[in-house]
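# Inside the fold
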Amino acid sequence: MVNVLILGANGQLARNTTRWFLQKTDARLTLFLRRASRLGNPDPERVRIVEGDVLDVATLEKAMPGHDVVYANLAGPMKQQAERIIEAMHATGLKRLIFVSSMGIYGEVPGERYRSVLDPYRDSAAAIEAADLDYTILRPGWFTSDDEVAYQLTQKGQPFKGHDVSLNSLSELIVKLALTPGWESRRSLGVSRG
Ligand SMILES: NC(=O)c1ccc[n+]([C@@H]2O[C@H](COP(=O)([O-])OP(=O)(O)OC[C@H]3O[C@@H](n4cnc5c(N)ncnc54)[C@H](OP(=O)(O)O)[C@@H]3O)[C@@H](O)[C@H]2O)c1
């Protein structure tokens, strides 16, 4: 049974993936978020809720021990967030990180230039790629609520295919990554419906 720490647990994709973990696996989850009173506990036997800010490394280090996987679903100053996560993972000996970024950070989407809006995504990915971690960075297309699981992956260096991807597809992929040690380790994956 895998223990997963979800950072930014009130995010749209994180909430969908929490539901996916609970429905499809026996994983135990720690939901880490700011202002934790916003979130009800969906399954008190398997889920713990921790209030915290990812930029506060002491709180992160306290939350990390006992987990096999860290799944970061963040927004905002992502370079600083990634640096704190790397620091806390090194301090607590955790290795496996699934980090949600965005399509476009390497200029890999044909015909699109996202420029500075993606700087935090680009910089956080660079920090993670330079760290001694068992990471998988996800670069999804636009999220949809379509009730389907259909996705394809592209590797760093390949052109991104398609535009969008369903939340359920991303949740399916994140759960598979969390449950499959070594799969797509030290990779940065484009994810789209294709
Ligand atoms: N929507 C799309 O189509 C799309 C496409 C590609 C990539 N993405 C990216 O994918 C990521 C996940 O998407 P999403 O829709 O799930 O995003 P979201 O709903 O905006 O969730 C991001 C979460 O990060 C949390 N957060 C930010 N700073 C934090 C901190 N210092 N400590 C703790 N939590 C913090 C926020 O918490 P609060 O609730 O406390 O603010 C929020 O719940 C985002 O970076 C998004 O830009 C989105």
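Use the structure listed above.
What you are looking at is a predicted structure, and each value in this text was computed from that prediction instead of being measured.

### As for the site of the ligand
Taken together, 23 residues are adjacent to the ligand, and Leu13, Asp53, Leu74, Tyr121 and Phe143 come closest. The side chain of Arg38 places a nitrogen or oxygen atom 2.9 Å from an oxygen atom of the ligand. Within the side chain of Tyr121, one N or O atom sits 2.5 Å away from an oxygen atom of the ligand. Surface burial for the ligand is 80%, taken as the share of its 900 Å² of free accessible area covered by protein chains. Structurally, the ligand is housed in the largest pocket. Residue composition of the shell around the ligand, by class: 10 nonpolar, 10 polar and 3 charged.

### Description of the packing of aromatic side chains
The tally for this structure, following the rule as stated, stands at 0 aromatic pairs. It is Lys24 that lies over the ring of Trp20; its NZ or CZ is 4.3 Å from the centre. The residue whose ring lies beneath Lys176 is Trp183, and the NZ or CZ to ring-centre distance is 4.3 Å.

### A closer look at the sheet that holds strand S3 (residues 47-51)
With mixed pairing, 8 strands are arranged side by side in an open sheet as S3-S2-S1-S4-S5-S6-S10-S8. Among the strands making up the open sheet, the edge pair consists of S3 and strand S8 (152-155). The mean inter-strand angle of the sheet, taken between neighbouring strand axes irrespective of direction, is 20 degrees. Across 5 bridges, strand S6 (residues 134-140) lies against strand S10 (residues 187-192) in parallel orientation.

Analysis parameters
- Every chain is numbered on its own, with residues counted from 1 as its sequence reads.
- For a predicted model such as this one, the threshold for reporting local features is a pLDDT of at least 70, and the threshold for listing and counting side-chain atom pairs is 80 or more; totals across whole chains, interfaces and linings nevertheless cover every residue.
- Water and hydrogen atoms play no part in the side-chain values, which are based on all heavy atoms of the structure.
- A cutoff of 4 Å decides nearness: a residue is near a molecule or strand if any of its heavy atoms lies inside that distance of it.
- Here a polar contact means two N or O atoms within 3.5 Å. Within protein one must be a hydrogen donor candidate and the other an acceptor candidate, and residues neighboring in sequence count only if both atoms are side-chain atoms.
- Computed with the Shrake-Rupley method and a 1.4 Å probe, the accessible areas treat only the protein chains shown as cover for residues.
- Here a cavity denotes a set of grid points, spaced 1 Å apart and computed over the protein atoms alone, in which a 1.4 Å probe fits but from which it cannot get out, and a pocket denotes an open set meeting protein on both sides within 12 Å along at least five of seven lines; residues with an atom within 4 Å of a point are reported as lining.
- Cavities and pockets are treated as containing a molecule whenever more than half of the molecule's atoms lie within 2 Å of their grid points.
- Under the scheme applied, nonpolar residues are Ala, Val, Leu, Ile, Met, Phe, Trp, Tyr, Cys and Pro; charged residues are Asp, Glu, Lys and Arg; polar residues are all the others, including Gly.
- The rule is short: rings of Phe, Tyr and Trp, with Trp giving its six-membered ring, pair when the centres are within 6.5 Å, and they are stacked under 30 degrees, edge-to-face over 60, tilted in between.
- Throughout this description, the term charge over a ring refers to an Arg CZ or Lys NZ atom that lies within 6 Å of the ring centre and within 35 degrees of the ring normal.
- In this analysis, strands are considered paired if DSSP registers two or more bridges between them.
- By the criteria applied, helices consist of DSSP H or I runs no shorter than four residues and strands consist of E runs no shorter than two, each listed in order from the N terminus.
- Think of each axis as a best-fit line through the C-alpha atoms, taken over the contacting stretch in the case of a helix, with angles from 0 to 180 degrees between the N-to-C directions.

None of this, on its own, says anything about what the molecule does.
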